[in-house]
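Coordinate inspection notes
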Protein chains: 2
Amino acid sequence: MALEKMGTLRRTDYCGELTPARVGDTVTVAGSIAKSRDLGGVIFADLRDTTGILQLAFDDGTDKQVFAKAASLKSEYVVMAQGLLRRRESVNKALATGEIELYVTELRLLSEAETPPFEVRDEVKVKDELRLKYRYLDLRREGMHRPIVLRSKIAQLIRNYYCDNHFCEIETPMLIKSTPEGARDYLVPSRVQPGHFYALPQSPQLYKQILMLSGFDRYFQIVRCFRDEDLRADRQPEFTQVDMEMSFVEEEDIETMNEGLIKKLFKEILDVEVETPFPRMPYAEAMARFGSDKPDTRFGLELQDVSDAVRGCGFGVFTGALEAGGSVRCINVKGMADKMSRKEIDKLAEVAKTYGAKGLAYIRCTAESETSSFEKFLAPEEKAALRAAAGVETGDVLLAVADAKNDVVFAALGALRLEIAKKYGLIDPDKFNFLWVTDFPFFEYSEEEGRFMAKHHPFTLPNEEDLDKVETDPGSVRARAYDMVLNGCEVGGGSMRINDPALQNRMLKALGFTEERARESFGFLTDAYRYGAPPHGGMAFGFDRLVMLMLKKDSIRDVIAFPKVQNAGEPMSGCPETVEEKQLRELSIALDLKEAKED
Amino acid sequence: MALEKMGTLRRTDYCGELTPARVGDTVTVAGSIAKSRDLGGVIFADLRDTTGILQLAFDDGTDKQVFAKAASLKSEYVVMAQGLLRRRESVNKALATGEIELYVTELRLLSEAETPPFEVRDEVKVKDELRLKYRYLDLRREGMHRPIVLRSKIAQLIRNYYCDNHFCEIETPMLIKSTPEGARDYLVPSRVQPGHFYALPQSPQLYKQILMLSGFDRYFQIVRCFRDEDLRADRQPEFTQVDMEMSFVEEEDIETMNEGLIKKLFKEILDVEVETPFPRMPYAEAMARFGSDKPDTRFGLELQDVSDAVRGCGFGVFTGALEAGGSVRCINVKGMADKMSRKEIDKLAEVAKTYGAKGLAYIRCTAESETSSFEKFLAPEEKAALRAAAGVETGDVLLAVADAKNDVVFAALGALRLEIAKKYGLIDPDKFNFLWVTDFPFFEYSEEEGRFMAKHHPFTLPNEEDLDKVETDPGSVRARAYDMVLNGCEVGGGSMRINDPALQNRMLKALGFTEERARESFGFLTDAYRYGAPPHGGMAFGFDRLVMLMLKKDSIRDVIAFPKVQNAGEPMSGCPETVEEKQLRELSIALDLKEAKED
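Residues numbered from 1 in each chain as written. Chains lettered and ligands numbered in written order. Predicted model: local features only at pLDDT ≥ 70, side-chain atom pairs only at ≥ 80, totals over all residues. Heavy atoms only, no water.

Looking at the overall build of chain A
Here is the rule: The helix and strand labels rest on DSSP assignments: H or I over at least four residues marks a helix, E over at least two residues marks a strand, and numbering proceeds from the N terminus. Only protein chains enter the accessibility calculation, which uses a 1.4 Å probe. A residue is then buried if its area is under 20% of the maximum for its type, exposed if over 50%, and partly exposed in between. It only takes one pair of heavy atoms within 4.5 Å for two residues to be counted as in contact. Residue-level accessible areas treat just the shown protein chains as cover; the underlying method is Shrake-Rupley with a 1.4 Å probe. Think of it this way: Lys and Arg go in the positive column, Asp and Glu in the negative one, and His and the chain ends go nowhere. Charge positions are represented by NZ for Lys, CZ for Arg, CG for Asp and CD for Glu.
Counting its regular elements, chain A contains 17 helices and 23 strands. For the C-alpha atoms alone, the extent of chain A along its principal axes is close to 95 × 75 × 55 Å. Here chain A holds 599 residues, and 58% of them are scored as buried. Nonlocal contacts in chain A, meaning residues at least 24 apart in sequence, comprise 68% of its contacts between residues at least 6 apart. Split by element, the accessible area of chain A, about 24700 Å² in all, is 48% carbon and sulfur. One way to put it: in chain A the 81 positive side-chain charges average out to a point 4 Å from where the 100 negative ones average out.

The structure is reproduced here in structure tokens:
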């Protein structure tokens with residue numbers, strides 16, 4: 001068939017928005033053929049556009065030329081169709097528009113299509129490589145298409161919410177200065193200033209603080225950020241951040257403002273009522289109860305400290321850990337003794353080991369017997385004391401980790417907790433459990449760097465009560481930082497900021513910055529503090545992750561139109577690529593591939 | 001004075017939003033001290049926040065401690081103040097809130113400030129370098145602050161307009177493939193794939209077309225773009241584009257959609273009624289009448305072709321140009337003979353020369369005399385014929401340019417037209433004259449490259465009627481491209497796109513691409529066309545420029561929070577900067593500064 005033009009025909013309606021109320025109307029729709037069936041004398045074709053699918057119908061009453069065109073339709077052909085909207089004879093309940101169809105009087109064949117490398121249907125399993133290479137086909141599938149449309153709606157709701165609350169969206173530069181601390185920067189060589197480089201922003205942190213010092217008072221931005229780190233399922237080299245900052249506020253004001261945002265998003269997109277205010281939990285409590293600074297509170301299985309109950313017992317693993325200043329903690333898996341076999345406990349022990357635990361101790365109490373991994377080391381009364389401390393009854397399984405380092409105990413039990421909940425279906429997938437984790441440590445010791453580093457960032461306000469310990473006991477200094485946690489994922493985080501140049505320089509010094517290096521890196525910010533700096537703070541959401549969690553997708557790739565893959569490349573266009581010698585010469589750089597091989 | 005904390009005090013109102021209707025209310029405001037006057041027993045201080053200024057008042061009825069704090073206030077101190085809103089004794093008409101003041105009962109001194117390097121007032125002239133280094137102070141000034149706030153409002157209106165019209169905002173990647181054609185790319189070395197580079201996007205052109213092929217149908221994005229070109233007053237290395245694309249449309253649909261946007265923006269931001277539809281003018285007409293493809297139609301001074309009137313005359317400059325295939329064109333500056341001296345005409349001739357004209361011929365007809373630059377070359381009847389052709393009467397000045405190249409004639413007279421209009425105040429600054437310039441040439445010969453290049457871009461649909469001339473007479477092929485012009489500035493441009501792989505490859509070939517290079521560069525797009533491609537087109541606005549024109553600013557720097565300067569650097573943070581050797585090593589690149597020096 002020859003291709004046609006639209007001529008004067010124009011779409012009047014979107015497929016997915018038509019309802020039985022419109023039956024009898026003449027409408028014009030446009031889109032791609034999802035499938036077509038020629039039943040001999042009667043042809044049905046599903047037309048797909050960005051909103052959904054509408055059935056096109058042709059029969060012996062149809063104009064002959066139109067019918068001939070309809071007979072030529074194949075999947076992914078692009079057409080425009082005008083006709084009469086009518087009720088279908090047999091309703092298709094699987095389709096939103098399943099009660100209606102378009103009885104076509106005009107059909108324009110706008111583009112043919114070769115047979116695509118895979119069928120454009122959610123049900124068809126396709127290899128990732130193929131999906132990413134032909135991303136434009138993959139994005140036509142309902143399951144991939146809808147999240148991108150919803151992402152746009154979510155972004156729009158966010159923007160309107162902040163704008164309605166006196167915020168200004170202000171664009172900050174993408175070509176900025178490379179600064180120490182934080183992740184690895186992407187660099188951009190400057191042509192005009194040979195030997196000099198821009199960095200792509202990891203976040204607009206310094207600029208948003210400068211905006212507070214410029215009197216903008218309430219800033220937000222939905223902004224692309226960059227981190228040159230190795231990829232994981234929920235990490236991309238470029239990602240989108242909902243970034244916000246406010247002046248003349250304390251933590252609670254920032255939290256309340258953003259709880260309101262979440263409440264609105266969940267109501268409007270998912271029709272879910274989120275209760276506010278969210279619970280607040282100090283970091284220390286989150287670790288002690290859940291072994292995690294982003295606890296999933298949709299289920300129990302909380303950690304218990306049984307150190308006191310086992311102190312001085314006959315089991316060297318326990319006592320050794322305690323003597324070295326560590327702890328013995330456990331999870332009591334209530335009523336699961338029959339479901340959790342010895343073999344499964346062994347598997348959990350393997351999980352615990354990947355988090356550094358030396359092993360996993362257990363007591364398993366079925367109605368028939370009680371078995372434990374430390375049978376021969378504990379006297380009956382010691383075991384009874386441990387059982388009592390952990391509240392272990394018949395039918396329960398107690399899993400315990402002992403280590404000289406509390407971090408290892410927390411990490412291992414925190415991971416086991418999630419593992420068990422997933423395996424035994426203890427998580428209600430319809431729950432959205434939010435909380436704030438607060439009072440994070442300011443410093444975190446980096447074994448790699450051999451020094452303390454800022455857990456949040458160096459501009460975070462330390463807790464006033466802990467100021468006298470900045471130099472003497474940095475590990476115990478708390479930050480006025482908070483994370484928003486949803487179902488065990490950190491969806492956002494932020495802090496109150498330092499607005500005093502003397503305190504800022506003191507914190508930078510504690511982080512190992514010489515005066516000169518602090519000046520070079522952050523001098524413009526500390527200078528700015530000198531000319532009047534309002535109290536301010538803010539936070540940032542990982543937008544990709546937030547959308548992913550809202551739409552219950554497994555990977556942020558599913559909510560990004562053109563994501564990068566493992567090697568930080570993009571298979572459709574084939575970037576990154578080699579460039580012409582001339583381009584490098586203009587930038588005063590040369591390839592230095594030897595080094596890469598030697599390393 | 002000792003610094004204080006906000007405690008439980010919270011802002012209830014913004015300074016600039018308070019009106020006499022609120023007199024009698026207790027309100028709390030927060031911001032910076034713009035100025036303060038101690039009149040002995042009475043203190044007035046202007047408090048500035050992001051919305052405006054409110055006067056704070058203190059007198060002998062004020063609490064002693066509060067009064068003492070008020071006496072210590074200096075410019076740029078940051079405070080929070082609570083009090084009773086009352087009428088002022090002497091109204092300040094220069095101030096929006098000039099009828100009211102806050103009689104302060106509580107004052108919190110939140111931050112002191114050193115004396116800033118310049119006063120934070122619009123009236124104070126400050127050197128550009130100082131303004132940019134202390135951008136946070138400059139941005140506190142009303143004249144710099146307001147445009148950034150309005151820019152946010154404009155962006156929000158744009159987004160809501162498109163979203164209300166079935167558009168989706170879809171984020172496209174920032175780390176993409178470097179492609180030939182267009183301006184110079186910024187490159188980003190890949191660490192994971194040594195020797196390979198990303199480019200930062202000059203526009204999301206290919207991605208938005210891919211989105212049309214993904215069935216998204218209506219896309220928009222307010223998006224950062226990058227061009228590594230030398231800076232001009234209205235160019236930045238990174239700039240913001242309002243980018244949009246639609247399927248199942250023709251030019252008129254795209255134009256109508258965007259006229260609606262402009263109408264809404266001008267109404268809501270400026271309360272200006274923009275008439276739609278905008279006039280449409282083919283490129284050839286714009287050049288012939290205005291000597292420009294972005295004509296300023298707020299004034300006349302149109303070009304006239306007087307070639308026929310002077311053909312065969314005695315003036316070699318005219319006849320020579322005509323014989324070489326060029327033209328003689330003029331502007332008749334009506335009634336300006338008395339104002340435009342010989343000396344001023346000479347200055348205009350210098351302007352014409354910078355555009356390649358060899359000179360500027362003129363006739364100046366005052367009531368007393370007629371003088372011309374070609375007195376002795378033209379017979380009286382030849383001169384009369386020229387005068388008649390151009391409609392020159394007593395009091396007029398005729399300015400003519402003759403050249404073998406029409407481009408030179410257009411460029412020179414187009415520039416003179418603007419120069420004269422500005423100099424003699426012929427432009428009504430309150431007018432906003434929009435038009436569409438259409439039917440651009442597809443190809444443009446590049447002397448530098450020695451070949452034809454795409455004037456718009458290689459994905460533009462050529463005019464169907466001109467298809468047979470693509471190979472034989474490329475210079476005459478018109479593109480289905482259009483620019484939106486406002487007051488002589490291009491604010492946006494776009495085109496209908498090719499959606500047929502065969503035609504795309506043909507146009508790439510005509511642009512000098514080998515089959516292999518076309519495949520390498522754009523293969524993923526032409527491949528995508530094969531699986532069903534709806535007719536589509538779109539456009540992009542230069543957002544910075546649009547905001548600049550709406551707010552009548554002289555430079556886009558005035559509507560960008562943190563602009564770059566001439567050397568593509570940013571003086572406040574001091575980027576770009578040298579980076580650590582280790583960072584380059586990780587990216588498998590090395591500096592190659594020798595080359596830069598040799599060039």
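Observations regarding the sheet that holds strand 21 (residues 489–496) of chain B
Residues and elements named next belong to chain B. Let me state the cut-off plainly: Between any two strands, pairing holds if DSSP finds at least two bridges.
Pairing in this open sheet of 8 strands is mixed, and the strands run 6-9-10-22-21-20-17-11 from one edge to the other. Of all strands in the sheet, those bounded by a partner on one side alone are strand 6 (168–169) and strand 11 (280–282). Of the pairings in the sheet, the one linking strand 10 (residues 238–247) to strand 22 (residues 536–542) comprises 7 bridges and is antiparallel in character. Note on strand 22: the bridge partner recorded for Met246 is Gly537.

Quick look at the sheet that holds strand 22 (residues 536–542) of chain A
Residue and element names in this part refer to chain A. Strand order in the open sheet formed by 8 strands is 6-9-10-22-21-20-17-11, with mixed pairing between adjacent strands. Of all the strands in the sheet, the pair left with one neighbour each is strand 6 (168–169) and strand 11 (280–282). As paired strands, strand 11 and strand 17 (residues 434–438) are joined by 3 bridges and run parallel to one another. Looking across to strand 17, one finds that Arg280 is bridged to Trp436.

What about the UniProt feature "binding site: L-aspartate" (unreviewed entry) in chain A?
All names here are of chain A. As a reminder of what qualifies: UniProt positions are given in the numbering used here, feature names are shortened, and annotations may be inferred rather than shown by experiment.
Within this numbering scheme, the UniProt entry marks Glu181, Arg227, His456 and Arg497 as carrying the feature "binding site: L-aspartate" (unreviewed entry). In summary, the annotated positions, distributed over 317 residues, remain apart in three dimensions as well, the widest C-alpha pair reaching 22.5 Å. Topologically, Glu181 is positioned in the loop between strand 6 and strand 7 (187–189). Beyond its immediate chain neighbours, meaning those up to four positions away, Glu181 contacts Arg451, Met453, Ala454, Pro458 and Phe513. Along the chain, the position of His456 falls in the loop between strand 19 (451–454) and strand 20 (481–486). Those residues within four positions of His456 in sequence are excluded, and the remaining contacts are Phe442, Ala481, Gly493, Gly494, Ser495 and Arg497.

Quick word on empty space enclosed by the protein
To be explicit about the condition: The method works on a 1 Å grid over the protein atoms by themselves. A cavity is a set of points holding a 1.4 Å probe that cannot get out, a pocket is an open set with protein on both sides within 12 Å along at least five of seven lines, and residues with an atom within 4 Å of a point line them. Grid points are joined across faces, edges and corners, and a volume is the space filled by probe spheres set on the points.
Summed over the entire model, instances satisfying the criterion amount to 5 cavities of 30 Å³ or more. A volume near 510 Å³ is recorded for the largest cavity. Lining the largest cavity are 39 residues, with A:Ile222, A:Arg224, B:Glu171, B:Gln221 and B:Ile222 sitting closest to its centre. Those elements giving two or more residues to the lining of the largest cavity turn out to be helix 4 (142–164), strand 9 (218–226), strand 10 (238–247) and helix 15 (543–550) of chain A together with helix 4 (142–164) and strand 9 (218–226) of chain B.

So, the environment of A:Val351
All names here are of chain A. The residue Val351 is located in helix 10 (residues 342–354) in this model. Considering only alpha carbons, one finds Val351 and Leu413, 62 residues apart in sequence, at a separation of 9.5 Å. Aside from chain neighbours lying at most four places away, what touches Val351 is Leu416 and Glu419.

Some details on the interface of chain B and chain A
Formally: By buried area we mean how much accessible surface two parts lose on assembly, using a 1.4 Å probe and totalling the loss over both. We count a salt bridge whenever a side-chain nitrogen from Lys or Arg sits within 4 Å of a carboxyl oxygen from Asp or Glu. Here a polar contact is recorded for every N or O atom pair within 3.5 Å, except that within protein the pair must consist of a potential hydrogen donor and a potential acceptor, and residues adjacent in sequence are included only if both atoms are side-chain atoms.
Taken together, the 126 residues of chain B in the interface contact 126 residues of chain A. Of all residues in chain B, B:Glu171, B:Phe248 and B:Tyr531 give up the largest surface area on contact with chain A, accounting jointly for 7% of the area buried on that side. At the surface where chain B touches chain A, the tally comes to 20 salt bridges. A salt bridge links B:Glu171 to A:Arg224, with the nearest nitrogen and oxygen atoms 3.5 Å apart. Counting the contacts that link chain B with chain A gives 62 residue pairs in polar contact (both at pLDDT 80 or more). The greatest single-element share of the side of chain B that touches chain A, amounting to 9 residues, is contributed by helix 4 of chain B. Sheet topology places strand 23 (residues 589–591) of chain A next to strand 23 (residues 589–591) of chain B; 3 bridges connect them, and they run antiparallel.

What about the domain arrangement of chain A?
How big an interface is tends to be expressed through the accessible area that disappears when the partners come together. Here is the rule we go by: Where each domain starts and ends comes from a domain assignment, either automatic or drawn from a database.
As assigned here, chain A comprises domain 1 (15–111), domain 2 (127–203 + 216–281 + 429–434 + 536–588) and domain 3 (299–423). The straight-line distance from the C-alpha centre of domain 2 of chain A to that of domain 3 of chain A is 40 Å.

A few points about the UniProt feature "binding site: ATP" (unreviewed entry) in chain A
Residue and element names in this part refer to chain A. Mapped onto this numbering, the UniProt entry annotates "binding site: ATP" (unreviewed entry) at Arg227, Asp228, Glu229, Gln236, Glu490, Gly542, Phe543, Asp544 and Arg545. If you take the residues mentioned a moment ago, the ones lining the largest cavity come down to Gln236, Phe543 and Asp544. Turning to its location among the elements, Phe543 is positioned in helix 15. What makes Phe543 buried here is its relative accessible area of 0%. When you line up the elements, Arg545 lands in helix 15. With relative accessibility at 23%, the residue Arg545 sits in the partly exposed group. Apart from the residues within four sequence positions on either side, Arg545 is in contact with Asp234, Glu490 and Ile556. Of note is the side chain of Arg545, whose polar atom sits 2.8 Å from the backbone oxygen of Glu490.

Focus on the relation of the copies chain B and chain A
The test is simple: Copy-to-copy alignment: least squares on C-alpha atoms, limited to residues at pLDDT 70 or above in both.
It takes a turn of 180° to lay chain B on chain A, together with a shift of 0.0 Å along the axis; the resulting RMSD is 0.0 Å. Accordingly, the operation relating the two chain copies is best matched by a two-fold axis. Of the interface residues in chain B, 99% have counterparts in chain A that sit at the interface too, so the contact is made through matching surfaces.

A word on unusual backbone geometry
Residue and element names in this part refer to chain A. For the bond running from Thr276 to Pro277, omega is -5°, close enough to zero to count as cis. Take Pro277: it is sitting in the loop between helix 6 (251–270) and strand 11. The phi angle at His166 is positive, at roughly 75°, despite the residue not being glycine. Despite not being glycine, Phe248 has its phi angle at roughly 60°, a positive value. The topology assignment puts Phe248 in the loop between strand 10 and helix 6.

Quick notes on the packing of aromatic side chains
Within a pair of aromatic rings, the relevant descriptors are the distance that separates the centres and the angle that separates the planes. The cut-off we apply is this: For this analysis, a ring pair means two rings from Phe, Tyr or Trp (six-membered ring only for Trp) whose centres lie within 6.5 Å, classed as stacked if their planes differ by under 30 degrees, edge-to-face if by over 60, and tilted for the remaining angles.
One pass over the full model with this rule turns up 46 aromatic pairs over all chains. Look at A:Tyr136 and B:Tyr531: their rings are 6.5 Å apart centre to centre, the planes differ by 25°, and that puts the pair in the stacked class. Taken together, the residues span two chains, with A:Tyr136 in helix 3 (residues 135–138) and B:Tyr531 in the loop between helix 14 (515–529) and strand 22. Classification of B:Tyr531 by relative accessible area gives buried; the value is 5%. A centroid spacing of 6.1 Å and a plane angle of 85° characterise the contact between B:Trp436 and B:Tyr482, whose relative ring orientation is edge-to-face.

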